[in-house]
Amino acid sequence: MRTLIIPLAATILLSATLPGVAGPAQDEILKHFQEQAKMEFSVERGQELFTKSYGTGKPKTPSCTTCHTKSPLKSGKTRVGKVIAPMALSRTKDRYSDLKKVEKWFRRNCKGVIGRECTPQEKVDFLAFMISK
Amino acid sequence: MSVVKPICNQKEANDEVVVIVWDVFVRLFHWLLVVLVATTAITGFLGQEWWLNIHLWAGYGIGLMITLRLVWGFFGTNYARFSSFIFRPGKTYDFTRQLLRGKPDHYTGHNPAGALMVFALLLVLTGLTISGLIVLGGQEKQGILAGVISYALGSEVAEFHEIAAFLLLFMIAAHIGGVLLESYLSRQNLVRSMINGRKNVPLVKAAIAGKVVLVGKALFAISIIAVMAGALVWSLMRLPVSGFKVIKQNSAYASECGECHHAYHPSLLPESSWNKILTGLSDHFGEDASLDREVVKILNQYLKLNAARHWDTEAANNLRRVSAKDPLSITASPYWVLRHKDIDERVFKRNKIASKGNCIACHIDAGSGRFDDQMINVPDE
């Protein structure tokens, strides 16, 4: 039953609690991670993940904010100096629309910051936070 | 200004009259050349890379002036003609001995020593102009010879260009010394003569200071030269630049390797370095840049085909020698370090630059792999 109810609830919840910026592509990706997650996504947990300083990954990147800045609405910068468009979906419309890209960056950045891959729960939380912003 | 006496004044034979020795063209040529040579010397010896354009335009100007001077040397006024100051070696020898004794003969136009200097200056300036074009074509892949000169040849000729430039400095010093010495010995202000064209001349010699200008022939010669030079330049400019091509960016490379930094041009590292980068992407300069195996295969193909040895640009020729300690890094290579050693470390920390690896922040044309001197623009903040 769980496997059926959670995605269903999630889809309903998503459309109810998150602002209308998420298009079908983002919904699809959220659903993909929510299906594998244990709990319902939480915007608050997503924010915590984003701002927390871990220190368990690569020394030069203790936190997601190292590159993405503290505000999801602002442009970030890589170590080399290339500008990263804001992470908030409201600012960068084509964010979180390509599952392969999202997976690739979660893999890289979670390893780099936390020292391990992120769980589906962490991913869906993070996405929910960014989509709500 | 000396009092100008009428040219055909009936006086005694040993009296002096004032005649126009240097015509307007010769005077203009002389002083324009001074300005142009000074410009190339300043921009060349002290120059910043982005002064190159000024150096080039002054150089083209010198080439043009010399061409016109050569034509004038055949068809101009009497004292401008080469035939009026080509002396037998014996004459030059005699003059030198007289000079050493402090009593040189009077010459209305160039004296034998001065004449030698004029020819030597013209020769060295011609050599500098031509070698400059070869260096520009070979090293910078610019100008009319970009299609025919290799980087290696350009680099060798660059040494000649430099030596000739130093030689020119010495010759200019000798030339100025000679003019001052003759001015003193003959009690004439020769610098002023080159400004107003006038010289005091014994009456007996004044008769030949006429103005027999073959304007028609001069114009004819100039048009022939212009047409031939035009045709040569036109056909040379149609040639593709040797050892440089505009490549279509591989879309996988542009997106996968252009996310954290601009996609480095494949000519900036040798094949072996690219290979090592692609096999170590999970720890890529302290970051995880891992990719699917299929994507890595495509990138490997592209980088192998376009690595440094397939290019003849200045950057590719020099950056193919990587640092032994850090062969993956462009910015650790000896050439990169050498070329950027004058840039303060703080400059690289500026907001719009952030790191040494952000080539495109300072090199507008980094994406093409050219790295032209004129395309450098270091952001102020």
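Since this is a predicted model, take the numbers as computed values, not measurements.

Parameters and conventions
- Residues numbered from 1 in each chain as written.
- Chains lettered and ligands numbered in written order.
- Predicted model: local features only at pLDDT ≥ 70, side-chain atom pairs only at ≥ 80, totals over all residues.
- Heavy atoms only, no water.
- Helix = DSSP H or I, 4+ residues; strand = E, 2+ residues; numbered from the N terminus.
- Rg over C-alpha atoms; globule rule 2.2 N^0.38 Å.
- Buried < 20%, exposed > 50% of the residue type's maximum accessible area, 1.4 Å probe, protein only.
- Contact = heavy atoms within 4.5 Å.
- Areas by Shrake-Rupley, 256 points an atom, 1.4 Å probe, with all protein chains shown as cover.
- Lys, Arg positive; Asp, Glu negative; His and termini not counted.
- Charge placed at Lys NZ, Arg CZ, Asp CG, Glu CD.
- Phe/Tyr/Trp six-rings, centres within 6.5 Å; stacked < 30°, edge-to-face > 60°.
- Lys NZ or Arg CZ within 6 Å of the ring centre and 35° of its normal.
- pLDDT = per-residue confidence, 0-100.
- Salt bridge = Lys/Arg side-chain N within 4 Å of Asp/Glu carboxyl O.
- Buried area = accessible area lost by both parts, 1.4 Å probe.
- Polar contact = N/O pair within 3.5 Å; in protein donor to acceptor, adjacent residues only side chain to side chain.
- Nonpolar A, V, L, I, M, F, W, Y, C, P; charged D, E, K, R; others polar.
- Axes fitted to C-alpha atoms, helices over the stretch in contact; angles between N-to-C directions.
- Parallel < 35°, antiparallel > 145°, perpendicular 65-115°, else oblique.
- Left-handed = near helix turned anticlockwise from the far one by under 90°.
- Disulfide = S-S within 2.5 Å.
- Core = buried A, V, L, I, M, F, W, Y, C linked by side-chain atoms within 4.5 Å.

### Digging into the overall build of chain B
(1) Moving on: A tally of regular secondary structure across chain B gives 15 helices and 2 strands.
(2) Moving on: Here the C-alpha radius of gyration of chain B, 29 Å, is well above what a compact globule of 381 residues would show, namely 21 Å.
(3) Moving on: When each of the 381 residues of chain B is scored for burial, the buried share is 43%.
(4) Moving on: In chain B, the proportion of contacts linking residues at least 24 apart, taken out of those at least 6 apart, comes to 66%.
(5) Moving on: Summed over its atoms, the accessible surface of chain B is roughly 21400 Å², and 65% of this surface lies on carbon and sulfur atoms.
(6) Moving on: Here chain B contributes 37 positively and 31 negatively charged side chains, and the mean placements of these two sets differ by 13 Å.

### Here's the deal with the packing of aromatic side chains
Residues and elements named next belong to chain B.
(1) Moving on: Evaluated as defined, the whole model comprises 18 aromatic pairs over all chains.
(2) Moving on: Here the guanidinium or amino end of Arg 69 rests over the ring plane of Phe 29, the centre of that ring lying 5.8 Å away.
(3) Moving on: In this structure, Lys 356 packs its charged tip against the face of Phe 348, placed 5.6 Å from the ring centre.

### A look at the confidence of the model for chain B
All names here are of chain B.
(1) Moving on: For chain B, per-residue confidence averages 89 on the pLDDT scale, and residues scoring 70 or more make up 94% of the total.
(2) Moving on: The least confident element of chain B, judged by mean pLDDT, is helix α7 (residues 203-206) at 66; the most confident is helix α15 (residues 359-362) at 96.
(3) Moving on: Considering only residues more than four positions removed or in separate chains, one finds that residues 1-11, a stretch of pLDDT under 50, has 14 contacts.
(4) Moving on: Two numbers describe this predicted complex: its pTM, 0.80, and its ipTM, 0.77.

### Examining the pattern of salt bridges
(1) Moving on: Tallied over the full model, the rule gives 15 salt bridges over all chains.
(2) Moving on: Across the pair Glu 287 of chain B and Arg 79 of chain A runs a salt bridge, and its minimum N-O distance is 3.1 Å. In this pair, Glu 287 of chain B is assigned in the loop between α10 (271-279) and α11 (293-306) and Arg 79 of chain A in the loop between β1 (76-77) and β2 (83-84), connecting two distinct chains.
(3) Moving on: Under the relative-accessibility criterion, Arg 79 of chain A is labelled partly exposed at 31%.
(4) Moving on: Arg 108 of chain A serves as the salt-bridge partner of Glu 259 of chain B, at 3.7 Å between the closest nitrogen and oxygen. Here Glu 259 of chain B, found in the loop between α9 (251-256) and α10, pairs with Arg 108 of chain A, found in helix α5 (residues 99-113), and the two come from separate chains.
(5) Moving on: Overall, Arg 108 of chain A belongs to the buried group, its relative accessible area being 3%.

### Some words on the interface of chain A and chain B
(1) Moving on: Listed by partner, the interface residues are 15 residues for chain A and 23 residues for chain B.
(2) Moving on: For the pairing of chain A and chain B, the buried interface totals around 1600 Å² over both sides, and the portion due to carbon and sulfur atoms is 42%.
(3) Moving on: At the surface where chain A touches chain B, the tally comes to 5 salt bridges.
(4) Moving on: If you look at where chain A meets chain B, you find 13 residue pairs in polar contact (both at pLDDT 80 or more).
(5) Moving on: The element contributing the most residues to the side of chain A that touches chain B is α5 of chain A, with 7 residues.
(6) Moving on: Along the lines of polarity and charge, the residues of the side of chain A that touches chain B split into 2 nonpolar, 3 polar and 10 charged.

### Let's talk about the packing of α10 of chain B against α11 of chain B
Residues and elements named next belong to chain B.
(1) Moving on: In the contact formed by α10 and α11, the axes pass within 10 Å of each other and the chain directions differ by 165°. The pairing of α10 with α11 is recorded here as roughly antiparallel in orientation. Note on packing geometry: the crossing formed by α10 with α11 is right-handed. Across the interface between the two elements, Glu 271, Trp 274, Asn 275 and Leu 278 of α10 pack against Val 296, Leu 299, Asn 300, Leu 303 and Lys 304 of α11.
(2) Moving on: The class makeup of the residues in the contact of α10 with α11 is 5 nonpolar, 2 polar and 2 charged.

### Notes on the state of the cysteines
(1) Moving on: One pass over the full model with this rule turns up 1 disulfide over all chains.
(2) Moving on: Through a disulfide, Cys 110 of chain A is tied to Cys 118 of chain A; the S-S separation comes to 2.0 Å. Measuring the twist about the S-S bond at about -95°, one finds the Cys 110 of chain A-Cys 118 of chain A disulfide to be left-handed.
(3) Moving on: Looking at Cys 110 of chain A, the relative accessible area reads 6%, which means it is buried.
(4) Moving on: Among the residues examined, Cys 118 of chain A registers a relative accessible area of 7% and is labelled buried.
(5) Moving on: You can see Cys 67 of chain A has no disulfide; the closest cysteine sulfur is in Cys 260 of chain B, sitting 7.8 Å from it.
(6) Moving on: Take Cys 260 of chain B: its relative accessible area is 21%, and that puts it in the partly exposed class.

### So, the environment of Ala 218 of chain B
All names here are of chain B.
(1) Moving on: Among the structural elements, Ala 218 can be located in helix α8 (residues 215-237).
(2) Moving on: Put simply, Ala 218 and Gly 143 are 75 residues apart on the chain and 28 Å apart in space, counted from C-alpha to C-alpha.
(3) Moving on: With residues near it in sequence (within four places) discarded, Ala 218 still touches Val 71 and Phe 75.

### So, the nonpolar core
Most often, soluble globular proteins have nonpolar side chains that are buried together.
All names here are of chain B.
(1) Moving on: Membership of the largest hydrophobic core comes to 33 residues, with the highest contact counts inside it found for Tyr 253, Tyr 264, Trp 274, Leu 281, Leu 299, Leu 319 and Ile 330.
(2) Moving on: For this core, the secondary structure elements donating two or more residues are α9, α10, α11, α12 (314-319), α13 (334-339), α14 (345-348) and α15.
(3) Moving on: A per-element tally of this core places α11 first, with 5 residues.
(4) Moving on: Setting aside anything within four residues of it in sequence, one finds Ile 330 in contact with Tyr 264, Leu 268, Leu 269, Leu 319 and Trp 336.

### Section: the packing of helix α2 (residues 24-36) of chain A against α5 of chain A
All names here are of chain A.
(1) Moving on: The N-to-C vectors of α2 and α5 enclose an angle of 50°; their axes lie 10 Å apart at closest approach. Between α2 and α5, the crossing angle belongs to the class labelled oblique. Contacts from Ile 29, His 32 and Phe 33 of α2 reach α5 at Leu 99, Val 102, Glu 103 and Phe 106.
(2) Moving on: Among the residues making up the contact of α2 with α5, the classes are represented as 5 nonpolar, 1 polar and 1 charged.

### A look at the environment of Trp 50 of chain B
Residue and element names in this part refer to chain B.
(1) Moving on: Mapping Trp 50 onto the fold places it in the loop between α1 (24-45) and α2 (52-75).
(2) Moving on: For the pair Trp 50 and Leu 145, spaced 95 residues apart in the sequence, the C-alpha separation amounts to 20 Å.
(3) Moving on: Apart from the residues lying within four places of it in its own chain, the contact partners of Trp 50 are Asp 373 and Ile 376.

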